[in-house]
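Structure at a glance
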Amino acid sequence: MNETISSDTVIPFETLIKYTTTYLNRKEHLDLIKKAYDFAVEKHAPQKRKSGEPYVNHVINVAITLAKLQVSPNVIVSGLLHDVVEDCDVSVQDLEDKFNLEVATIVEAVTKLGNLPKITDEEYQAENHRKIFIAMSKDIRVILVKLADRLHNMLTLQYMPEKKQRKIAEETLDVYAPIAHRLGLGEMKATLEDKCLYYLDQKKYFELVELVNLKKKERDSILNDMIKEIDSLLISNNIIVNISGRSKHLYSIYKKMVYKHKKFDEIYDLQAIRIICNDVMTCYGVLGIIHNMYRPIPGRFKDYIAMKKPNMYQSLHTTIIGNGGMIFELQIRTKEMDDIAERGFAAHWRYKEGSEKISQKAIEEQLHWFRDFVSLSDDSNDVQAQEYMHNLQRDIFEANVYALTPKGKVINLPKESSVIDFAYKIHSKVAESMTGALVNGNFVPFNTKLTTGDVVEIQTQNNAPGPSEGWLDIVKTSNARQRIKQYLKNKVESERKEFVEKGRTILLRGIKERELDEKVLNQQEALERCIKFYKVSNFEDVLYNLASKKADVDEIIDSVYNIKPVFSIPKLLKKQTTNIKTIDQGIIVEGIDSIAVELANCCNPIPGDEIIGYVSSGKAIKIHRHDCPNVKGLNSNAFINVYWDPIALKGSYYFVDMVIKSYDRMYLLSDIITSLSQGNAQVMNVNTTINDIVAEISLQIRVSDGEHLQRVVNNIKKIDGVIDVIRVNK
């Protein structure tokens, strides 16, 4: 694809310009390219390549590759100048002053980063790639220059040390060949991959060369006979086409042998027949005639005209059995489709005199994956460079599952992507309001993995529960993962604000009831005292805990106002009588005749639970469960021993909050309600949420004591599908 000269001779300007004059005619454009050529020759004059040839030949070859793609004059100029900032005493500003801003911007984008302190080679490489791809998301011409640069480097890699050869080949195979494929640059991709195979596994490379060359004359003869036969068949049907044969690239054969575990003799499409037609209707007519004459192999027909690939590739593919039982792969397409198959988007948007530069928006519309690429690059500031490259490789380069919307729009996804990934590819709002999904007309769970050809319909509702943390275990695309995390973060922040305001309202009401001065809440010292007491980060945490019933309003007020309890435990003990008295709520308090007792809302103790009393300056002793998380933060000097009174408790009942986790199924809730009813546990309220295949049922039930509760829990755990039953604190 490139011309190289291994001598001291500089490639003459005429060699470059013969490729540009095929589509560039304006004198000012040719003058601009000549100016850049002369500038590059001057600046690179002292430099030599490893081969000994003038370094400037490298940048001229890059410009030749770009000219073959028929890009704009500024892109050819950028190819000629792409190394002057990095290797010569030239600044980006110099390029802008001498040429223009467009050229300076492209060259700056492909120029490697300077020295970065405290960074590994892998991190440095990732940072360079991110720099290039972020620039590409703003101007796709940047990657054309970089690909042309990498192509010529691979074609002259033999002069590098072996270790560097492998490193560059690995990088090319991981990064540059996939992006060439995504851009539809078929010829460039194939050349890069074959060269990578040569440097990464020469033994296998030469084995394949030998296998391909073996019986090559025989295969070529059979192929030529088949081409003549098909051509005659079509002429007899008054159809004139251009027919040619092509050999499969070595790396493509290598992949089938290694990854699909095929033997060389089992690869049928070593040579294919390409039929170029005048229009789309003729393509389908040719297909019908050939299928009528030759038997097609089932499952091998693909219509990429009706459903083009995300890189804009279009063609009809079929595999037939010819005379003598030989198998042939056929590709049927128009001339325009063939140009795009070889040169991708560059063929579609080739530069024409007087035309405007390539529209990024138009590219996004045509290359469906490019929108995801732009989004991924826009979000890259939040991730490390290596993670960005990993996400790019998985979500964009390795995406080879093509699912469809009901309207036929192709959605490009990486392997093992779920319907959630699909929904996020459409729009984050669609995913966040998703309530169900149909694949090929059937309802499926959210963790269903999609395959090529699946038609996916996403069902939505405005009041949908939205994403849950469980979705993070299902999704494969980084875009979906980032959107889910952001949604959950926003949800937590929103709920927190609501709880903080609710807590503030409760606190102000309590202060008012106790006729205290609200202005104390403006004193930082008072708030710090409360923050320290509860061992939290700020006063909003205290208010949040109050609203979520994890803290007591009287305890907060005592702490803020530095109020000591009106009755301390020692004073209470002085009042004790000779007998232990039974008092309110069926609770016995050691040494106290009578005092109001309240069961703490945060843990809702019931008979059978181990309990402890806390003396505050409020109107009652708070009764907590021993294992209540809030007990740990309280003043240990204010604890008092308390007990359940079995006699006073007869006929009493208590409320318990619990969460039941179960695999979702039909009649699950009905079975749970029936079990509770049979256990004489009255249901006060119930709420159900479903996170994909797991249902969470929040219940408040009424029981008589801890023993009753345990029987109820044991019965629920016996229900089919139930994973766990959890008693919760509020």
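For the structure, see preceding data.
Attention in this report is confined to the structure presented alongside it. For every chain, the first residue of the written sequence is number 1, and numbering continues from 1 onward in sequence order. Reporting of local features is limited, given that this is a predicted model, to residues whose pLDDT is at least 70; pairs of side-chain atoms are given and counted only at 80 or more, and all residues count toward the totals for whole chains, interfaces and linings. In computing side-chain values, all of the structure's heavy atoms are included and hydrogens and water are not.

Re the environment of Lys163
Where helices and strands are cited, they refer to DSSP runs of H or I of at least four residues and of E of at least two residues respectively, numbered from the N terminus. Here Lys163 is to be found in helix H10 (residues 162–182). For the exposure calls, accessible area comes from a 1.4 Å probe over protein chains only, and a residue counts as buried if that area is under 20% of its type's maximum, exposed if over 50%, partly exposed in between. Residue classification places Lys163 among the exposed positions, given a relative accessible area of 75%. Put simply, Lys163 and Tyr199 are 36 residues apart on the chain and 9.9 Å apart in space, counted from C-alpha to C-alpha.

Digging into unusual backbone geometry
With a phi close to 60°, Asn238 is a non-glycine residue in the positive phi region. With respect to the secondary-structure elements, Asn238 resides in the loop between helix H13 (216–236) and strand E1 (242–247). At Asn440, a position not held by glycine, the phi torsion is positive, near 55°. Residue position: Asn440 is located in the loop between strand E9 (434–439) and strand E10 (442–444). Taking relative accessible area as the criterion, Asn440 reaches 47% and is therefore assigned partly exposed.

Overview of the packing of helix H1 (residues 13–20) against helix H3 (residues 56–68)
The geometry of H1 relative to H3 is characterised by a closest axis approach of 8 Å and an angle of 15° between their N-to-C directions. By the angle between their directions, the pair H1 and H3 is classed as roughly parallel. Crossing handedness for the pair H1 and H3: left-handed. Between H1 and H3, the contacting residues are Thr15, Leu16, Tyr19 and Thr20 on the first element and Ala63, Ile64, Ala67 and Lys68 on the second. Every angle, taken between N-to-C directions, lies between 0 and 180 degrees, and every axis is a line fitted to C-alpha atoms, over only the stretch in contact when it is a helix. Any angle from 65 to 115 degrees is called roughly perpendicular, while one under 35 is roughly parallel, one over 145 is roughly antiparallel, and all others are oblique. In a left-handed crossing the near helix is turned counterclockwise from the far helix by less than a right angle, and in a right-handed crossing that turn is clockwise. Contacts are assigned to residue pairs that have any heavy atoms within 4.5 Å of one another.

Observations concerning a positive patch on the surface
Note on patches: the residues involved have over 30% relative accessible area and no salt bridge, like charges join within 9 Å, and the nonpolar side chains Val, Leu, Ile, Met, Phe, Trp and Tyr join within 5 Å. For accessible areas, the Shrake-Rupley method is used with a probe of radius 1.4 Å. Any residue's cover is judged against the shown protein chains and nothing else. Salt bridges are identified by distance alone: a Lys or Arg side-chain nitrogen within 4 Å of an Asp or Glu carboxyl oxygen. Under the counting rule used here, the positive set is Lys and Arg, the negative set is Asp and Glu, and His together with the chain ends is not counted. Charge coordinates come from a single atom per side chain, which is NZ of Lys, CZ of Arg, CG of Asp or CD of Glu. A cluster of like positive charges, contributed by Lys255, Lys260, Lys262, Lys302 and Lys415, occupies part of the molecular surface. For Lys260, the location among the structural elements is in the loop between helix H14 (250–259) and strand E2 (271–277). On the accessibility criterion, Lys260 (55% relative accessible area) is exposed.

Here we look at the side chain of Asp541
With respect to the helices, strands and loops of the structure, Asp541 is situated in helix H24 (residues 539–547). Look at Asp541 and you get buried, because its relative accessible area is 16%. When neighbours within four sequence positions are excluded, Asp541 is seen to be in contact with Arg496 and Val536.

Topic: the nonpolar core
Buried Ala, Val, Leu, Ile, Met, Phe, Trp, Tyr and Cys residues that are joined via side-chain atoms within 4.5 Å together make up what is termed a nonpolar core. Formed by 64 residues in total, the largest nonpolar core has its most connected members in Leu66, Ile76, Leu81, Leu95, Phe99 and Leu147. Residue contacts for Leu147: discarding those within four places in its chain leaves Tyr176, Ile179, Ala180, Leu183, Leu185 and Met188.

A short note on the pairing of strand E15 (residues 611–614)
Across the two faces of E15 the burial is the same, with Ile611 and Gly613 and Ile612 and Tyr614 all buried. By definition, two strands form a pair when at least two bridges between them are found by DSSP. Sheet analysis places E15 next to strand E16 (residues 621–625), joined by four bridges and oriented antiparallel. By the bridge assignment, Tyr614 is partnered in E16 with Lys622. In the sheet, E15 pairs with strand E17 (residues 639–640) via two bridges, with the strands oriented antiparallel. Paired with Gly613 across the bridge in E17 is Ile640.

Some words on the side chain of Arg150
Among the structural elements, Arg150 can be located in helix H9 (residues 141–155). Classification of Arg150 as buried rests on a relative accessible area of 8%. N or O atoms within 3.5 Å of each other form a polar contact, as long as, within protein, one can give a hydrogen and the other can take it, and as long as residues adjacent in sequence are counted only when both atoms are side-chain atoms. A polar contact of 3.2 Å, which involves the side chain of Arg150, links it to the side chain of Glu171. Other than its neighbours up to four places away in sequence, Arg150 contacts Ile168, Glu171, Thr172, Tyr176 and Leu192.

Focus on the packing of aromatic side chains
For Phe, Tyr and Trp, rings pair up if their centres lie within 6.5 Å, where Trp contributes its six-membered ring, and each pair is then called stacked (planes under 30 degrees apart), edge-to-face (over 60) or tilted (otherwise). Evaluation of the coordinates by the stated rule reveals twelve aromatic pairs. With centroids separated by 5.4 Å and ring planes inclined at 90°, the aromatic side chains of Tyr205 and Phe206 adopt a geometry described as edge-to-face. Taking relative accessible area as the criterion, Tyr205 reaches 17% and is therefore assigned buried. Judged by relative accessible area, Phe206 falls into the partly exposed class, the value being 43%. Here the aromatic cluster, defined as three or more aromatic residues joined through ring pairs, consists of Tyr198, Tyr199, Tyr205 and Phe206. Lys35 extends its terminal NZ or CZ atom over the ring of Phe99, reaching a point 5.2 Å from the ring centre. As a reminder, the over-ring test applies to NZ of lysine and CZ of arginine, requiring each to be within 6 Å of the ring centre and within 35 degrees of the ring normal. Stacked on the ring of Tyr544, the Lys or Arg Arg496 has its end atom at 5.6 Å from the ring centre.

A look at the state of the cysteines
In this description, the term disulfide denotes a pair of cysteine sulfurs within 2.5 Å. In total, this model carries zero disulfides according to the counting rule given. For the unlinked cysteine Cys283, the closest cysteine sulfur is that of Cys277, found at 4.0 Å.

Here's the deal with helix H20 (residues 419–426)
What sets the pattern is the α-helix's 3.6 residues per turn: residues three or four places apart point alike. Of all eight residues that make up H20, seven are buried, and the element is covered over most of its length. Residues of H20 that are buried: Val419, Ile420, Asp421, Phe422, Ala423, Tyr424 and Lys425.

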